Amino acid sequence: MRILVTGATGIVGSEVMRTLRAAPGVEVQGVSRSGDAARGVAKWHLGAEPPPAVLRGPWDAVVHSAADIRWNLPFDQARRANIASTEAVLGLVGPETTVVHVSSAFAAGLRGDVASDDPADYRNSYEWSKAAAERLVDAACPNWTVRPPMIIGRRADGHIARFHGVYQVLQGYLWGALPVMVANDACRVELVPVDEVAAVVAARALAGRPAAKEVATLGAGDGALSGAAVVKIVFDELNAWRAGRGVPPVGLPPLIAPRRWERFFRPFAEQHLSRGQLALIHAFDPYLPYWAMEDHLRPDTYVVDVEDALRASIRYWADRHPQGRAPRRGSGAP
C-alpha cells in the first residue's frame, strides 16, 4: 500500500509518518515545503510549483496534513497557505485514492458548520481557511476528515515536532509578554496528544475510501480541563522541573475571566501600555478564544486522561527551553 503524507515534517504529519511506517506492508512517502531527504521527505512548495516526479503516484491513500497553523495570518496569506495547497494536493488524488484530510476542531467557526465563506463567521483566518479547504475536499471526493483541537506532545514522553498553541501561551507569560492568563473554571480548553491524533489519521488511511464524507472530531468534551486547571497543571509541572534543578519557582500567573478581560482590563491596557507591550498582547489575541470557550466542543472521538499527557508535554518543553530555567522577568525571583 502506497501512502503520501503532506506536511510530513510538521506536528501531525511527522507523527503520522512514524505511525504508518510501523504498519506492515505500507510504503510511505512524505512531502513538505522544506523537505528532509534523510527522513524520506520530498521537497514541494504546495500550490506554488508543480509536484516533483516522485509524487505523481498513483497513491492508495493521501494524508493531507500540510497547513500554516498561525491563527492570525492575513486572509490572502491564509488562502495561499491552506486553500491553494489543498487544491494542489487534490491533483494527486486518483479515482480510488483514500483521502484523509487533517482539518481543525474549530473549522466550524461560530456557526457550527463549514458552509460559510464569510470571514465574519469565524474567529480568525485559520478557521476560515480550514473550512474552505474542507469544502474543496468535499467537492472533490468522499473523504475522512479528522478535526483535532489544540495539540500537545505524545502521551508517554511529551515529544512534539514543534511547539505551538499552549506552548506559545506559556512562553508568552514566562517572557513577560502576557501580564495575566485569561482563563477560569467555567471555560474549557480542549487538548489532545499528537500520537492519538496520528493514530486516528493512520487508521483511516488504512481503512480504505469511505462511501461519503466521514468526520472524526477529537476532544475530551465534558471531561476537558478548565482553563484554570490547565494553568495550574502547567505551572505545577514546570516548577517541579525547576525544583529538580535547583531553580526557584515561577509564581502562578494571575487569572482573569474572559469577560472581565474584554470589558475592563483590555481597555485599560490599550490606554496605558507601551506600543511594544500592546504588540505582544495583540500577537496572542488569536489564542485567547481557545482558552475561554464557554460553549466547548462536542467531540465524537474521545480523549481521556489529558492531564498526564499535558504534564509530559511540559517536561519535554522545559528540557528544550533555557528560559524554563530562568525566573520570569519582574517575578521577584532571585
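Sequence order as written defines residue numbering, which begins from 1 separately in each chain. With the structure being a predicted model, the display of local features is reserved for residues of pLDDT at least 70 and the display and counting of side-chain atom pairs for 80 or more, all residues being used for whole-chain, interface and lining totals. Values reported for side chains reflect all heavy atoms of the structure, with hydrogen atoms and water molecules removed beforehand.

Attention shifts here to the pairing of strand β11 (residues 214–219). One requirement defines pairing of two strands: DSSP has to find at least two bridges between them. Strands are runs of DSSP state E lasting at least 2 residues, helices are runs of H or I lasting at least 4, and numbering of each runs from the N terminus. Relative to β11, strand β6 (residues 144–147) runs parallel, the two sharing 4 bridges. Bridged to V146 within β11 is A216. Examined bridge by bridge, β11 and strand β14 (residues 301–302) share 2 bridges and lie parallel to one another. The partner of L218 across the bridge, within β14, is T301.

Moving on, we come to the sheet that holds strand β4 (residues 61–64). Pairing in this open sheet of 8 strands is parallel, and the strands run β3-β2-β1-β4-β5-β6-β11-β14 from one edge to the other. In the strand order of this sheet, the two ends are held by β3 (41–43) and β14, each with one partner. Examined bridge by bridge, strand β5 (residues 98–102) and β6 share 3 bridges and lie parallel to one another. Bridge assignment links V102 to a residue of β6, and that residue is V146. Against the sheet, helix α5 (residues 194–207) contacts β1 (2–6), β4, β5, β6, β11 and β14, and its axis sits at roughly 160 degrees relative to β5. Note on definitions: a residue-residue contact is assigned when non-hydrogen atoms from the two residues lie within 4.5 Å. Under this scheme, a helix contributes an axis fitted over its contacting stretch, all axes are lines through C-alpha atoms, and angles between N-to-C directions fall in the 0 to 180 degree range.

This part takes up the pattern of salt bridges. Any two side chains of opposite charge can pair, on the condition that their charged atoms come close. The working definition used for a salt bridge is a side-chain nitrogen of Lys or Arg within 4 Å of a carboxyl oxygen of Asp or Glu. Within this structure, the stated rule accounts for 20 salt bridges. Close ionic contact of E134 with K213 constitutes a salt bridge, the shortest N to O distance being 2.7 Å. Separated by 79 residues along the polypeptide, E134 in helix α3 (residues 125–140) and K213 in the loop between α5 and β11 bring together distant segments of the chain. Partly exposed describes any residue whose relative accessible area lies between the buried limit of under 20% and the exposed limit of over 50%, with all areas from a 1.4 Å probe on protein chains only and scaled to the type maximum. Since its relative accessible area comes to 28%, K213 is described here as partly exposed. Taken together, the shared-partner salt bridges in this structure form one network comprising E15, R18, R154 and D157.

A word on the packing of aromatic side chains. Classification of ring pairs rests on two measures: the distance between centres of Phe, Tyr or Trp rings, Trp counted by its six-membered ring, which must be within 6.5 Å, and the angle between planes, read as stacked under 30 degrees, edge-to-face over 60 and tilted in between. Within the structure shown, the criterion is met by 5 aromatic pairs. Residues W71 and Y290 carry aromatic rings whose centres are separated by 4.6 Å and whose planes lie at 50 degrees to one another, so their mutual orientation is tilted. Remark: Y290 occurs in the loop between α8 (275–284) and β14 and W71 occurs in the loop between β4 and α2 (75–90); sequence separation between them is 219 residues. Ring centres of F106 and Y290 lie 4.4 Å apart, and the angle between their planes is 50 degrees; on these two criteria the pair is classed as tilted. With F106 in the loop between β5 and α3 and Y290 in the loop between α8 and β14, the pair connects residues that are 184 residues apart, well separated along the chain. Judged by its relative accessible area of 1%, Y290 is buried. In this structure an aromatic cluster arises from ring pairing among W71, F106 and Y290. Distance and angle both matter: a charge sits over a ring if NZ of Lys or CZ of Arg is within 6 Å of the ring centre and within 35 degrees of the ring normal. Looking at R2, its charged tip hangs above the ring of W59, at a distance of 4.1 Å from the centre. Lying across the ring of Y316, R320 places its NZ or CZ 3.6 Å from the centre.

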